[in-house]
Amino acid sequence: MVWELLTNPVLVAVAVLLALSALRMNVVFALVVASVVGGLMGAVDGGEAWAMLGHGEFHAFWNCCVGGFSGTMKAFLSNLDNGAVLAINYVMLGTFSIAISRSGVTELIARKLFAWIGTELTARRLLYFKYMLLGILTLISISSQNLIPMHIAFIPVLIPPLLPVFEKLKLDRRAVACVLTFGLITPYMVLPVGFGKIYLNNILLDNITRNGMEVHASQASPAMLIPALGMVAGLLIAVFFSYRRPRIYKAAETEKMVETTEPVEIKPFNVLVGIAAILMALVVQIFLDSLLVGALLAVMVFVIAGVIRLRDTQDVFVQGVHLMGGIGIVMIAAAGFANVMKETGGVSELVSLVQGAALDYKGVTVFAMLLIGLIITMGIGSSFSTVPLIAAIYVPLCAAMGLSPLATIAIVGSAGALGDAGSPVSESVLGPTAGLNADGQHDHIYDSTIPTFLHYNLPLLVAGWIAGMVL
């Protein structure tokens, strides 16, 4: 089992992706290289190349590698259209964010915060204000998943104008990244509203029921409470221990970001138009389920009101591409990578490996299920896509081990959520980076990916295992 795990194409590809990202290779380049490695190992349209090499058939090995490379690229490119949908949404979101900033809404928020802080900060007042600000950001992030289901849309609107405030507070942005990621993930794990309703009811419970175990909607939140407490523990450790110390950033870079932005004159009318545009985007997204249309109509509100001239929309769009285009390109490449991983058959192999674990060792088996869920989600980048892949094996296995429906919900739900934090291609990590790196001082891998991986996946592994054993 250990050898099969170590030679699994998905595991190897994810390891390559993480290693190259840690070496500061561009994430898109890393995704392409990892896709090729995984595709060749999984023999996508290439046959058993490695077996031929073992028998000394070098010519056949070369032909299989060529076929495997061709098949891998075909699988990679064939799924890019799925990522392109996300990319255009993000570009329009960036355009909307630039339009909001020109209305003066975010500038007004930043100025009010500066006035509130004051010119002289005692150590006690600084501490109080820092944790109050982190608390507010946590609540806003949580609300983006249920109360106002806008996901990461608020980050590029709200965070860049606050960077000078963070700099004055000497606030470690890694703590902010952990706060934002916590709010993007934990609510859908435990609260059955907004995105949580989709994850818990439409995906988690539905797949468990389809695979032969009777569960009820009322069981989802109680079952996922212990795993959610693991996320809470990670948040508290990040905010009050790991990143509590002051961190000094280059004020010149933050000032340069402010200087290169067109000066905004705060006018009451423009602010009201900005608020109306935000409401327009929210209403359209909630009722039409379209971020693209919502952002477009919101920008048109600015144009119709005269806050932005029609001829200036080109400049606004270009700045929007600069702000959010990078995240869109990553999501396009991530869609291709996910498709290659599925084509290798490595995902189903990983899930099937759990069946080979001895049922007598319940604790080991539960941990293995969670760990494999982490690997799959790290590669695919979506917890919502992981649950259907693992439920077919996990649910019958849980039943065979005599685990209760509550324990099964906790195991499958935690296995799906594991890896959403800490994956370099996850929206829950890319979103915070897009806002915090507006002045180029927040590294995606070392300031977002690694901190969120350590503070959320490790506690969630422990909490998910405890829930699976005690419920």
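Up top you'll find the structure we're talking about.
Note that the coordinates shown come from a computational prediction; the quantities given were computed from them, not determined experimentally.

Calculation rules
- Residues numbered from 1 in each chain as written.
- Predicted model: local features only at pLDDT ≥ 70, side-chain atom pairs only at ≥ 80, totals over all residues.
- Heavy atoms only, no water.
- Helix = DSSP H or I, 4+ residues; strand = E, 2+ residues; numbered from the N terminus.
- Buried < 20%, exposed > 50% of the residue type's maximum accessible area, 1.4 Å probe, protein only.
- Areas by Shrake-Rupley, 256 points an atom, 1.4 Å probe, with all protein chains shown as cover.
- Patch = residues over 30% accessible without salt bridge, like charges linked within 9 Å, V, L, I, M, F, W, Y side chains within 5 Å.
- Salt bridge = Lys/Arg side-chain N within 4 Å of Asp/Glu carboxyl O.
- Core = buried A, V, L, I, M, F, W, Y, C linked by side-chain atoms within 4.5 Å.
- Contact = heavy atoms within 4.5 Å.
- Phe/Tyr/Trp six-rings, centres within 6.5 Å; stacked < 30°, edge-to-face > 60°.
- Lys NZ or Arg CZ within 6 Å of the ring centre and 35° of its normal.
- Axes fitted to C-alpha atoms, helices over the stretch in contact; angles between N-to-C directions.
- Parallel < 35°, antiparallel > 145°, perpendicular 65-115°, else oblique.
- Left-handed = near helix turned anticlockwise from the far one by under 90°.
- Nonpolar A, V, L, I, M, F, W, Y, C, P; charged D, E, K, R; others polar.
- Expected span 1.5 Å × (residues − 1).
- Polar contact = N/O pair within 3.5 Å; in protein donor to acceptor, adjacent residues only side chain to side chain.

**Q** Would you explain the overall build of the protein in this entry?
**A** A count of helices and strands for the protein gives 22 helices and zero strands. Looking at the 471 residues of the protein, the share that counts as buried comes to 54%. Of the accessible surface of the protein, which amounts to about 20200 Å², a share of 67% is contributed by carbon and sulfur atoms.

**Q** Hey, could you run me through a nonpolar patch on the surface in this one?
**A** Together, Ile88, Met280, Val283, Phe287, Leu288, Leu292, Val293 and Leu297 make up an exposed nonpolar region whose accessible area comes to about 700 Å². Put simply, the parts of the chain that give the nonpolar patch at least two residues each are helix 14 (268-288) and helix 15 (291-305). If one sorts the elements of the nonpolar patch by residue count, helix 14 sits on top with four residues. Along the polypeptide, leucine 288 turns up in helix 14.

**Q** Sorry, what's going on with the nonpolar core here?
**A** The tendency in soluble globular proteins is for nonpolar side chains to be buried as a group. Residues Leu31, Phe96, Leu137, Phe166 and Phe302 are the most contacted members of the largest nonpolar core, which totals 122 residues. Apart from residues lying up to four places away in sequence, phenylalanine 96 is in contact with Ala277, Ile278, Ala281, Ala295, Ala298, Val299 and Phe302.

**Q** Mind showing me how you'd approach the packing of aromatic side chains here?
**A** Aromatic ring pairs are reported here in terms of the distance separating the ring centres and the angle at which the planes meet. Applying the stated criterion to the full structure yields three aromatic pairs. Centre to centre, the rings of tyrosine 131 and phenylalanine 240 are 4.9 Å apart; their planes meet at 25°, and the pair counts as stacked. Taken as a pair, tyrosine 131 in helix 8 (residues 123-143) and phenylalanine 240 in helix 12 (residues 217-242) lie far apart in primary sequence, 109 residues in all. Residue class for phenylalanine 240 comes out partly exposed when judged on its relative accessible area of 41%. Ring geometry for phenylalanine 182 and tyrosine 456: centres 6.3 Å apart, planes at 35°, overall tilted. Here phenylalanine 182, found in helix 10 (residues 173-190), pairs with tyrosine 456, found in helix 22 (residues 444-470); they are 274 residues apart in sequence, far enough to count as distant. Just as phenylalanine 182 is buried, tyrosine 456 falls in that class too. When the ring centre of tyrosine 249 is taken as origin, the NZ or CZ atom of arginine 173, which lies over that ring, is 4.3 Å away.

**Q** I keep staring at the packing of helix 10 against helix 22 and nothing clicks. Help me out?
**A** Working note: a packed helix pair is described by the angle between its axes plus the distance between those axes. Their axes nearest at 9 Å, the elements helix 10 and helix 22 cross at an angle of 45°. Taken together, the axes of helix 10 and helix 22 lie oblique to each other. When the axes of helix 10 and helix 22 are compared, the crossing they make is right-handed. Taking contact as the criterion, the partners of Arg174, Ala177, Cys178, Val179, Thr181, Phe182 and Met189 in helix 10 are, on helix 22, Tyr446, Asp447, Ser448, Pro451, Thr452, His455, Tyr456 and Leu460. Residues belonging to the contact of helix 10 with helix 22 are distributed by class as follows: nine nonpolar, four polar and two charged.

**Q** Can you help me understand the environment of valine 176 in this one?
**A** You can see valine 176 is positioned in helix 10. For valine 176, a relative accessible area of 0% puts it in the buried group. Between the alpha carbons of valine 176 and leucine 137 there is a distance of 8.0 Å; along the sequence they are 39 residues apart. Among all residues touching valine 176, those that are not within four sequence positions of it are Leu134, Leu137, Phe166, Leu171 and Leu436.

**Q** It is not clear to me how helix 22 should be interpreted in this structure. Could you clarify?
**A** An α-helical turn contains 3.6 residues, so a residue and the one three or four places further along point in the same direction. For helix 22, with 27 residues, the first-to-last C-alpha span of 37 Å sits near the 39 Å given by 1.5 Å per residue. Where helix 22 begins, one side-chain oxygen reaches toward the backbone nitrogen of isoleucine 445, 3.1 Å away; that side chain belongs to aspartate 443.

**Q** Would you mind going over unusual backbone geometry with me for this structure?
**A** Peptide bonds are, in most cases, trans, and in most cases residues other than glycine have a negative phi. The backbone of lysine 170 shows a phi angle near 55°, a positive value even though the residue is not glycine. Within the fold, lysine 170 resides in the loop between helix 9 (155-169) and helix 10.

**Q** Is there a simple way to explain the side chain of threonine 186 in this structure?
**A** Within the element layout of this structure, threonine 186 appears in helix 10. Not counting residues within four places of it along the chain, the set of residues in contact with threonine 186 comprises Ala228 and Met231.

**Q** For this particular structure, what's the right way to read the packing of helix 12 against helix 20 (residues 405-417)?
**A** Contact geometry for helix 12 and helix 20: axes closest at 8 Å, N-to-C directions at 60°. As far as their axial angle goes, helix 20 and helix 12 are oblique. Considering the relative orientation of helix 12 and helix 20, their crossing is right-handed. Where helix 12 abuts helix 20, its residues Gln219, Ala220, Ala223, Met224 and Pro227 lie against Pro405, Leu406, Ile409, Ala410, Gly413 and Ser414.

**Q** Looking at this structure, how should I read the pattern of salt bridges?
**A** Close approach of charged atoms allows side chains of opposite charge to pair. Considering all chains together, one arrives at five salt bridges under this definition. For aspartate 172, the salt bridge identified is with arginine 247, shortest N-O distance 3.4 Å. On the criterion of sequence distance, the pair formed by aspartate 172 in the loop between helix 9 and helix 10 and arginine 247 in the loop between helix 12 and helix 13 (251-260) is long-range, its members being 75 residues apart. For aspartate 172, a relative accessible area of 3% puts it in the buried group. Note on arginine 247: relative accessible area 26%, which makes it partly exposed. Aspartate 206 serves as the salt-bridge partner of arginine 210, at 2.7 Å between the closest nitrogen and oxygen. Residue arginine 210 and its partner aspartate 206 are located together in helix 11 (residues 195-210), separated by four residues, close to a single helical turn.

What is shown is where atoms sit, not what they do.
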